[in-house]
Amino acid sequence: MAEGEDMQTFTSIMDALVRISTSMKNMEKELLCPVCQEMYKQPLVLPCTHNVCQACAREVLGQQGYIGHCGDPSSEPTSPASTPSTRSPRLSRRTLPKPDRLDRLLKSGFGTYPGRKRGALHPQVIMFPCPACQGDVELGERGLAGLFRNLTLERVVERYRQSVSVGGAILCQLCKPPPLEATKGCTECRATFCNECFKLFHPWGTQKAQHEPTLPTLSFRPKGLMCPDHKEEVTHYCKTCQRLVCQLCRVRRTHGGHKITPVLSAYQALKDKLTKSLTYILGNQDTVQTQICELEETVRHTEVSGQQAKEEVSQLVRGLGAVLEEKRASLLQAIEECQQERLARLSAQIQEHRSLLDGSGLVGYAQEVLKETDQPCFVQAAKQLHNRIARATEALQTFRPAASSSFRHCQLDVGREMKLLTELNFLQVPEAPVIDTQRTFAYDQIFLCWRLPPHSPPAWHYTIEFRRTDVPAQPGPARWQRREEVRGTSALLENPDTGSVYVLRVRGCNKAGYGEYSEDVHLHTPPAPVLHFFLDGRWGTSRERLAISKDQRAVRSVPGLPLLLAAERLLTGCHLSVDVVLGDVAVTQGRSYWACAVDPASYLVKVGVGLESKLQESFQGAPDVISPRYDPDSGHDSGAEDATVEASPPFAFLTIGMGKILLGSGASSNAGLTGRDGPAASCTVPLPPRLGICLDYERGRVSFLDAVSFRGLLECPLDCSGPVCPAFCFIGGGAVQLQEPVGTKPERKVTIGGFAKLD
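Just so it is clear, the model here is predicted, and its values are computed rather than measured. (Residues numbered from 1 in each chain as written. Predicted model: local features only at pLDDT ≥ 70, side-chain atom pairs only at ≥ 80, totals over all residues. Heavy atoms only, no water.)

Trainee: Break down the sheet that holds strand β7 (residues 191-193) for me, with residues and values.
Mentor: What the three strands build is an open sheet, ordered β7-β6-β8; its pairing is antiparallel. Of all the strands in the sheet, just β7 and β8 (213-214) have a single pairing partner and so form its edges. Sheet analysis places strand β6 (residues 184-186) next to β8, joined by two bridges and oriented antiparallel. Bridged to C186 within β8 is P213. (Pairing = 2+ DSSP bridges. Helix = DSSP H or I, 4+ residues; strand = E, 2+ residues; numbered from the N terminus.)

Dropping the structure here:
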């Protein structure tokens, strides 16, 4: 029974040792020097927080020509391994960075700085090429002597060495590989030696000969970190410089005004952070394992997809080769047929010319015919022969080969095809689209317009994502609404919520996949439902001076003779008329919004709303006024309304003239024009591209907005005791354009009695 328990205990201990050994072996890559790719030996902490062996650092600086700046850190001033002048001949057996590796490191594009020249005026700045971050780090004027030694990393390396060789012998630290077993240790030298190396480093007749040898151990290291500048123990940590400092460093100007805390505080803070992060990682091992499985599955899919991609490319290239081979065969066949035809014609011509030789062919036959003495027979035979001789004579006089020997018409121009083949490459995903903010806006619907960058690969379709930003945030990632496979470069988003802020983005897609998202664009929707109406040309004053467009969404006022007389006799006074045009829809309840654009060159235009009954009264007899500042609503918009009158005015207008908006002192403003003690004085603001009017019928309020940014300009009271309709007033020349709905145009409303009631 006891033997079984002992065996179980032994098995548990061995399993624990195996687990510890496995975990230590898994972190071996963290303990390798990036220069020599071996276990760290007296590692130094670079300013970039990476580590490098002290000997490797000296070798790298020596290769760059830094002589006299490879001093050793003060953490171990008497270590034989860090004093080049006292090295044992056996020290050369230690594996140093290979020359070719150092050459590659120095020729990789960084760290090529010469040594300081004699008589230089400015202090030399030592730069070290960090092989981990592939960048140059500044070591300061003191070089390696100003660096701290990473004692913690040394302890980890020592524990690792003990774990991978449990019960193994301690080896000499200064032997050339393979190192001999250490037989002695020296506390003052902080190193272990074999017999030969101990004698070499402790020669008779020197002070080192008095060092007392001890048993070999790997725990030789300084008791604590020492300041490289003042040779004192570090006691504080500078948060600004992120460096350990001593008491003398603390009072120097270098750290003046810096945040300096005791080492204990920095130790506790960093330990708590590291413990918290490590606890989180250890507490989510299932997540780590799940992600590892996902990555492994991704690796498998990558291998399969890569093989499929190779096969597809090979098949396509073979297809191109087959097409080229087929085309080559057809072209060669065409050349062969042309060649045979020309050869046949040339052969026939050669035969004809050979018949013209003396005593052969046609000439020989003609010579024999000439020997005929019977005149009738001669005439009969020579008539046909003469025609043939005449044709042969003409061919001889105008000789020309029957076919050309050139095949220039069979030349191929493959410049375009070669360029296409040279540029043949994998299909790239589309680049991030650019949203056209000048054409993108929100009205009754949201109209989104975008384009691809000039040199972007084409997109087959697009994906639009949008969401509201003015709703309470839900836990987790932001939820986007998505519209897939949008064709073209514009889209409508129907039925947006009023008084909201939407953020939109777009990305393209083709056979290669989805591209990057465009930059987010924020759009404000109107504060109320959009009111659709047309301009009613049957109502208004001086209609001969008002020109309404065919679609009844734009109106222009043409200045007449009274305005010209006013310009001629400005000081004598004259009478000007107010031209009014109304909308064909009246509002009797709820909230409504509409927008329009006023021509910046307009002389004087008033945009607003009014009671139907009051507007009808004004139509019956519109009086002339002596000033272009006259307002049919008794001057409410310009602040001339009597402050003692409590009743709401029947009209509310915003005055626009010469590209400016007049904000009066008699109405409250949402644009920051009213002070704490009361309204501010009248002032003007620039005319925005579009003006928005929001009518709240129940509250009896009218708000004028910048229809682009939805910034409030003016808010006025209004008498809503009856139907209210949009109105536009002109004094002099001016033009107004109603903003058309984004979607399909609404059907024309049939008005009864001049107005259509909006229920």
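Trainee: Please give an account of the side chain of H461 that cites residues and values.
Mentor: Structurally, H461 can be placed in strand β15 (residues 461-468). For H461, a relative accessible area of 10% translates into the label buried. Ignoring sequence-local partners within four residues, the contact set of H461 consists of E485, V486, R487, R507, G508, C509 and Y514. (Buried < 20%, exposed > 50% of the residue type's maximum accessible area, 1.4 Å probe, protein only. Contact = heavy atoms within 4.5 Å.)

Trainee: Go over the confidence of the model for the chain, please, and point to the residues and values.
Mentor: Detailed reading of predicted coordinates is not advised where the pLDDT is low. The predicted model of the chain averages 77 in pLDDT, with 74% of residues at 70 or higher. Least confident of the elements in the chain is strand β36 (residues 756-758), whose mean pLDDT is 38; most confident is strand β12 (residues 434-435), at 95. Note that residues 570-575 has pLDDT below 50 and, in this model, nine contacts with residues that lie over four places away or in other chains. Confidence drops under a pLDDT of 50 for residues 621-645, and excluding neighbours within four residues, the segment shows 52 contacts in the predicted structure. (pLDDT = per-residue confidence, 0-100.)

Trainee: Which residues make up helix α9 (residues 361-370), and what values go with them?
Mentor: Those residues of α9 that sit buried are L362, G364, A366 and V369. Residues of α9 that are buried make contact with α10 (375-397).

Trainee: Report on the nonpolar core, specifying residues and quantitative values.
Mentor: Burial of nonpolar side chains together is a common tendency in soluble globular proteins. Formed by 50 residues in total, the largest nonpolar core has its most connected members in Y593, I661, L691 and F728. In terms of residue count, the dominant contributor to this core is strand β26 (residues 591-598) (five residues). Of all hydrophobic cores here, the second largest spans 28 residues; its members include V35, M127, L147 and V157. (Core = buried A, V, L, I, M, F, W, Y, C linked by side-chain atoms within 4.5 Å.)

Trainee: Account for a nonpolar patch on the surface, naming residues and giving values.
Mentor: A cluster of nonpolar side chains, namely L320, L331, L412, V414, M418, L421 and L424, defines an oily patch on the protein surface of about 630 Å² accessible area. Those elements that provide at least two residues to the nonpolar patch are α8 (285-354) and α11 (415-422). Taking relative accessible area as the criterion, L412 reaches 58% and is therefore assigned exposed. (Patch = residues over 30% accessible without salt bridge, like charges linked within 9 Å, V, L, I, M, F, W, Y side chains within 5 Å. Areas by Shrake-Rupley, 256 points an atom, 1.4 Å probe, with all protein chains shown as cover. Salt bridge = Lys/Arg side-chain N within 4 Å of Asp/Glu carboxyl O.)

Trainee: Outline the packing of aromatic side chains, supporting the account with residue identities and numerical values.
Mentor: Throughout the structure, instances matching the rule amount to eight aromatic pairs. With a centroid separation of 6.1 Å and an interplanar angle of 45°, the aromatic rings of F441 and F447 are classed as tilted. Classification of F441 by relative accessible area gives partly exposed; the value is 21%. According to the relative accessible area criterion, F447 is buried, its value standing at 19%. Geometrically, the ring pair formed by W450 and Y462 is edge-to-face, given 5.3 Å between the ring centres and 70° between the ring planes. (Phe/Tyr/Trp six-rings, centres within 6.5 Å; stacked < 30°, edge-to-face > 60°.)

Trainee: Mind laying out α10, listing which residues take part and the relevant values?
Mentor: At A382, α10 shows its strongest bend, of approximately 35°. Listed as buried for α10 are A382, L385 and A392. In this structure, the buried residues of α10 make contact with α9. (Bend = angle between axes of the 7 residues up to and from the residue.)

Trainee: I'd love a proper account of the sheet that holds strand β33 (residues 712-717), names of residues and values included.
Mentor: Strands sit in the order β22-β23-β35-β26-β31-β32-β33 across an open sheet of seven strands; the sheet is antiparallel. Looking at strand neighbours, the two that pair on one side only are β22 (546-548) and β33, the edges of this open sheet. Neighbour-to-neighbour, the strand axes of the sheet open up by a mean angle of 20°, direction not taken into account. In this structure, strand β23 (residues 554-557) lies alongside strand β35 (residues 734-738), joined through four bridges in antiparallel fashion. Among the inter-strand pairings, S557 is bridged to a residue of β35, identified as G734. (Axes fitted to C-alpha atoms, helices over the stretch in contact; angles between N-to-C directions.)

Trainee: So what's going on with the environment of L705? Which residues, and what values?
Mentor: Inspection of the secondary structure assignment puts L705 in strand β32 (residues 701-706). Sequence spacing of L705 and P688 is 17 residues, and the spatial spacing of their C-alpha atoms is 9.3 Å. If near-sequence neighbours (up to four positions away) are discounted, L705 is found in contact with P527, Y593, R690, L691, G692, F710, R711, G712 and L713.

Trainee: So, the environment of A442: which residues are in play, and what are the values?
Mentor: Relative to the assigned elements, A442 resides in strand β13 (residues 441-442). The buried category is assigned to A442, whose relative accessible area is 9%. In this structure, A442 is in contact with H524, T525, P526 and F710, ignoring residues within four places of it in sequence.

Trainee: Tell me about the pattern of salt bridges, residues and numbers included.
Mentor: Throughout the structure, instances matching the rule amount to eleven salt bridges. E465 is the salt-bridge partner of R482, the closest N and O atoms lying 2.7 Å from each other. Residue R482 is found in strand β16 (residues 481-486), and its partner E465 is found in strand β15; the two are separated by 17 residues along the sequence. A relative accessible area of 1% means that E465 is categorised as buried. Where R591 meets D696, a salt bridge forms, and the shortest distance between an N and an O atom there is 3.7 Å. Here R591, found in strand β26, pairs with D696, found in strand β31 (residues 691-696); they are 105 residues apart in sequence, far enough to count as distant. Owing to a relative accessible area of 10%, D696 belongs among the buried residues under this scheme. One continuous salt-bridge network, built from bridges that share partners, spans R591, D696, R699, R701 and E715.

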